[in-house]
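The residues making up each chain are set out below.
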Amino acid sequence: MKNTEREGILGNPTGRRLTCLAIVLAGASLAGALRLAVSGDFRTPAQEPPGGGAGIASDRGGASAEVALARNAEAGGDVASALSHYRAAAARNPRIVDPRSPEFLGPSFEARLKGWIRGLKAGEVPGGGKALSDAAFLFRRMYGGCG
Amino acid sequence: MSWRRIAYPESAGALAATGALLGALAVGLTALGNPASTGLCASCFLVNVAGALGLHARESQSYMRPEILGIVLGAFFASYSAREFRVRGGGSPVAHFAGGAFLLLGCEVFIGCPIKVLLRTAGGGIAGAVGLAGLVAGVLTATLYLRDGFFLQDPKELPEGTGFVLPAAAFLLLLLASGVPEAFAAWTLPAGAHHAPFAASAAAGLLFGAAGQRSRFCVTGSIRTGLLARDFREAAGTLAFLVAALALNLAQGAFSPSLAFEPGAHTDLFWAFLALAMVGFGAILVAGCPFRQLVRASSGDLDAAAAIAGMLLAAGLSVRWGIGSSPAGVTSAGKVAVLLGCAFFLALAAWKRKGE
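Here is a short report on the structure shown in this document. Please read all numbers here as calculations on a predicted model, not as lab measurements.

Focus: the overall build of chain B
Then comes step 1: Scanning chain B from terminus to terminus reveals 15 helices and two strands.
Then comes step 2: Relative to the compact-globule value of 21 Å for 356 residues, chain B shows a C-alpha radius of gyration of 18 Å, a close match.
Then comes step 3: Seen along its three principal axes, the alpha-carbon backbone of chain B occupies a region of about 50 × 40 × 40 Å.
Then comes step 4: In chain B, buried positions account for 61% of the 356 residues.
Then comes step 5: Here the contacts in chain B between residues at least 6 apart in sequence split such that 81% fall between residues at least 24 apart.
Then comes step 6: Summed over its atoms, the accessible surface of chain B is roughly 11800 Å², and 70% of this surface lies on carbon and sulfur atoms.
Then comes step 7: Each charge class in chain B can be summarised by its mean position, and for the 23 positive and 17 negative side chains these summaries are 4 Å apart.

Given below as structure tokens:
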């Protein structure tokens, strides 16, 4: 698009200062990228924690073990611990909270999760912020996304 | 309303009506089966198409989206019937290709294109609203460069035949997807992506494309025009899209203001803002967000077609390299992609500031 002849609401052109700004910002962006690349925080896709990104491979065995632990905690009435294990399981294999998947934990799990969220928000289910955060992660995983 | 006002919408009212129609259609597709807040998302749908074509192997993000094919065909028919189909290209195909790739990557780090930003905001998503703020900031910055003389080289007129390639490909893919869907990877549930019924998606896609072409609907473009020329007619369309989606969500009880419970989103607000700022900035430089690039390419703009090619390649790489975010958060590769995108667009802006 060519430069407009109209003034608009942004005032006059800002001249060479924009070029300097661009060079500085571009340099800062590149420096940030390089810093990320050489720091210990950088992870290749293979090094991302399970479930860390849209394209990360799943760990079905680890997920099954976490689901078993979650069910034990649930049977013992420890909702906070159950949610923590369910979160770990979903991070390892997102399909367990995907209603389309044969590996989905099932509509009863979905109903229980919604009940726990209501209870945690109302303070009727003990667990605090960590449990609510785990429940929120499972909720976000279960609905939405790009596919 | 006369036929001419529908075919050539120019007034704020007509553009607002078009925006409201598109917003309602998008919410309708979500109600029919598309993922939450994903009634219309060019970047998500391109990722799905890339999966269906085998460019990545994540089944839950693979589906030959009839919406995308419909957008291409709808925009083609609309431009051709209005005698606006004009084949041109060679302006700056490399900048468009690379720019398109970075636009797609930015969208995937945020989880959604500028249209999905509106839908996520209309659903009550706080991260969506933060992304919208980032988008506006990016557009504002790019507009400063436009004011300072930025422009890419003018495209040249080309033989008309080359402009038919994309619509013809979309038509063939639509035929294949409707008749032989197993030709594509992960074409069916439960493995493939959530989706509305095929016919409804295709029909909505045709409408999206035709209405988008006639109204020049573009989220980033409407903000730019408002800032640059005090012309808020296009912004009326964008605002109407948001209001219509919000009203329908409220009516369905689907509006829920939340950060932690926004479906399919992550909660990293900094990267949501920065990713969409990069998308807003870049979309202005290459003259359109992903949806607008699809419409332009279907109207004969081969530079926009180069952007689509870049987006498709990036869509495959986004999944293969773990660039796209998930509800678990933003990956290292995603952060690097956003930073590189910022660097690329800023360098492009500096380089072409006086149209060199």
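Points about the pattern of salt bridges
Opposite charge on two side chains makes pairing possible when the charged atoms of those side chains draw close.
Then comes step 1: Inspection of the entire model under this criterion finds 14 salt bridges over all chains.
Then comes step 2: Among the ionic pairs, B:Glu157 bridges to B:Arg86, the shortest N-O distance being 2.5 Å. With a gap of 71 residues between them, B:Glu157 in strand E2 (residues 156-157) and B:Arg86 in the loop between helix H4 (66-81) and strand E1 (88-89) connect regions that are remote in the sequence.
Then comes step 3: Among the ionic pairs, B:Asp301 bridges to B:Arg296, the shortest N-O distance being 2.5 Å. For the pair B:Asp301 and B:Arg296, one class covers both residues: buried.
Then comes step 4: It is possible to trace a salt-bridge network through shared partners that takes in A:Arg87, A:Lys130 and A:Asp134.

Structural notes on the environment of A:Ala33
Then comes step 1: As for its position among the elements, A:Ala33 is in helix H1 (residues 16-38).
Then comes step 2: You can call A:Ala33 buried: its relative accessible area is 7%.
Then comes step 3: Look past the residues within four positions of A:Ala33 in its chain and what remains in contact with it is B:Leu339 and B:Leu340.

Structural notes on the environment of B:Ala196
Residues and elements named next belong to chain B.
Then comes step 1: In this structure, alanine 196 sits in the loop between helix H8 (165-179) and helix H9 (198-215).
Then comes step 2: Separated by 163 residues in sequence, alanine 196 and glycine 33 have C-alpha atoms that sit 4.1 Å apart.
Then comes step 3: Beyond its immediate stretch of four places on either side in the chain, alanine 196 contacts Leu29, Leu32, Gly33, Asn34, Tyr63 and Ser201.

Conventions and cut-offs
- Residues numbered from 1 in each chain as written.
- Chains lettered and ligands numbered in written order.
- Predicted model: local features only at pLDDT ≥ 70, side-chain atom pairs only at ≥ 80, totals over all residues.
- Heavy atoms only, no water.
- Helix = DSSP H or I, 4+ residues; strand = E, 2+ residues; numbered from the N terminus.
- Rg over C-alpha atoms; globule rule 2.2 N^0.38 Å.
- Buried < 20%, exposed > 50% of the residue type's maximum accessible area, 1.4 Å probe, protein only.
- Contact = heavy atoms within 4.5 Å.
- Areas by Shrake-Rupley, 256 points an atom, 1.4 Å probe, with all protein chains shown as cover.
- Lys, Arg positive; Asp, Glu negative; His and termini not counted.
- Charge placed at Lys NZ, Arg CZ, Asp CG, Glu CD.
- Salt bridge = Lys/Arg side-chain N within 4 Å of Asp/Glu carboxyl O.

Honestly, that's just the spatial picture; any functional story needs more than this.
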